[in-house]
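Here is how the chains run, residue by residue.
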Amino acid sequence: MRTETARAASAIFAANRARGAVRFGVHLQDGVTRRGDLHESGSLRVRFPSPEAEGLSGVFVNTAGGIAGGDRFDIGITAGEGARLTLTTAAAEKVYRAPGPAAQLDIALKAEQGAHLAWLPQETILFDRARIVRRIDIELAEDASLLLCEIVVFGRTAMGEKMLHGEFVDRWRLRRGGRLVFAETIRLDGDIGARLARPAVAKGGAAIGTALIVPGSEAVLERMREASETFGGEVGISCWNGFAMARFCAQDAARLRADMITVLGRASPTPLPRLWLN
């Protein structure tokens with residue numbers, strides 16, 4: 001009887017998991033970036049506000065109202081030759097407690113010859129005992145450009161909340177001209193609160209972030225470093241393999257977000273999405 005009950009509960013859990021997918025490409029037409037065919041399914045949607053200059057902006061919306069254990073979302077975006085595309089989210093994404101399997105988020109970004117792609121989602125907020133596995137794969141043509149950032153918040157400090165336990169796996173792969181130039185996998189699980197408290201990890205910080213800028217150069221680094229005295233958290237900036245990277249760690253999300261806005265503003269002429277500035 002217990003086995004049958006467990007099976008029934010498992011089936012109900014699986015049936016109530018959110019699924020969502022978005023796939024589309026953009027192309028350059030008469031000097032203006034236009035959207036091609038769009039595929040949407042499940043609870044994931046993308047909307048396109050009024051175009052800004054010659055580029056196109058997209059805003060992702062998760063109608064499920066957040067991410068829970070067992071949910072799965074897939075995103076596939078291609079910026080065609082010479083196109084300019086900026087993507088963000090309508091709000092911070094919340095990842096809730098997961099008693100069962102981890103949520104999965106797979107993101108594939110591609111920029112063809114001469115294209116510019118900006119992936120600038122708002123924060124991902126992890127609640128206590130949240131579990132998520134994220135994979136980001138990026139393919140750039142040799143002369144394509146990229147501006148990418150991700151912010152992860154371990155509990156809403158303004159609400160007195162902390163993420164003490166859970167699982168966060170983040171796998172990034174960046175290829176440029178078919179060559180792997182950056183690969184990284186972060187894994188935090190179990191007693192995450194204790195790990196973040198370690199001086200060599202986050203020194204008690206509740207928010208971390210990463211920005212990738214392609215191409216990167218010493219001139220880009222210098223522009224970002226000029227703002228170092230204004231940073232409210234810890235920021236490390238470096239450049240190698242033809243790209244620049246900035247790492248962020250702060251005691252709260254607001255402080256890190258302010259530092260990220262400063263760095264992105266100096267790293268690229270691409271304007272930040274208006275949603276970031278509200």
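Here, every reference points to the structure presented above.
**Q** I'm lost on helix α4 (residues 253-267) in this one. Help?
**A** Counted at 1.5 Å a residue, the expected span for α4 with its 15 residues is 21 Å, and the 21 Å between its end C-alpha atoms agrees. Among the residues of α4, those classed as buried are A253, L256, R257, D259, M260, V263, L264 and A267. Buried residues of α4 fall within an arc of 165° about the axis and therefore sit on the same side. Each element contacted by the buried residues of α4 is listed here: β12 (145-154), β15 (207-214), α3 (218-225), β16 (234-240), β17 (243-250) and α5 (274-277). Put simply, D252 is the residue that caps the front of α4, since its side-chain oxygen is 3.2 Å from the backbone nitrogen of A254.

**Q** Help me understand the sheet that holds strand β2 (residues 32-42), please; the structure alone is not making it clear to me.
**A** Within a sheet, neighbouring strands are paired by backbone hydrogen bonds and run either parallel or antiparallel to one another. Spatial ordering of the open sheet is given by β2-β1-β5-β8-β11-β13-β14, a layout of seven strands whose pairing is mixed. Edge strands, defined here as strands with exactly one partner in the open sheet, are β2 and β14 (179-190). Between one strand axis and the next, the sheet turns through 5° on average, direction left out of account. With nine bridges joining them, strand β1 (residues 19-29) and β2 adopt antiparallel strand pairing. Within the sheet, the bridge partner assigned to G20 lies in β2 and is G42.

**Q** Hey, could you run me through the layout of surface pockets in this one?
**A** Empty space among the atoms can be located by rolling a probe the size of a water molecule over them. Roughly 410 Å³ of volume is contained in the largest pocket. Along the wall of the largest pocket there are 27 residues; nearest its centre are N62, I67, T89, A91 and E93. The element best represented in the lining of the largest pocket is strand β4 (residues 56-62), accounting for three residues. When its volume is computed, the second largest pocket comes out at roughly 300 Å³. Lining the second largest pocket we find 19 residues, and of these I186, I208, G209, T210 and F248 sit closest to its centre. Secondary structure elements with two or more residues in the lining of the second largest pocket: β12, β13 (166-176), β14, β15 and β17.

**Q** Explanation requested: the pattern of salt bridges in the structure shown.
**A** Note on pairing: side chains with opposite charge can pair once their charged atoms come close. Evaluated as defined, the whole model comprises 16 salt bridges. For R47, the salt bridge is made with E40, and the minimal N-O distance between the two is 3.1 Å. R47 gets classed as partly exposed once you look at its relative accessible area, which sits at 45%. Salt-bridge contacts for R156 lead to E161; the nearest nitrogen and oxygen are separated by 2.8 Å. Given a relative accessible area of 26%, R156 falls into the partly exposed group. By relative accessible area, which is 24% here, E161 ends up partly exposed. Connected through salt bridges with shared partners, the residues E40, R45 and R47 form a single ionic network.

Rules and cut-offs
- Residues numbered from 1 in each chain as written.
- Predicted model: local features only at pLDDT ≥ 70, side-chain atom pairs only at ≥ 80, totals over all residues.
- Heavy atoms only, no water.
- Helix = DSSP H or I, 4+ residues; strand = E, 2+ residues; numbered from the N terminus.
- Expected span 1.5 Å × (residues − 1).
- Buried < 20%, exposed > 50% of the residue type's maximum accessible area, 1.4 Å probe, protein only.
- Arc of directions from axis to C-beta.
- Contact = heavy atoms within 4.5 Å.
- Polar contact = N/O pair within 3.5 Å; in protein donor to acceptor, adjacent residues only side chain to side chain.
- Pairing = 2+ DSSP bridges.
- Axes fitted to C-alpha atoms, helices over the stretch in contact; angles between N-to-C directions.
- 1 Å grid on protein atoms, 1.4 Å probe; cavity = no way out; pocket = protein on both sides within 12 Å on 5 of 7 lines; lining within 4 Å.
- Points joined across faces, edges and corners; volume = space filled by probe spheres on them.
- Salt bridge = Lys/Arg side-chain N within 4 Å of Asp/Glu carboxyl O.

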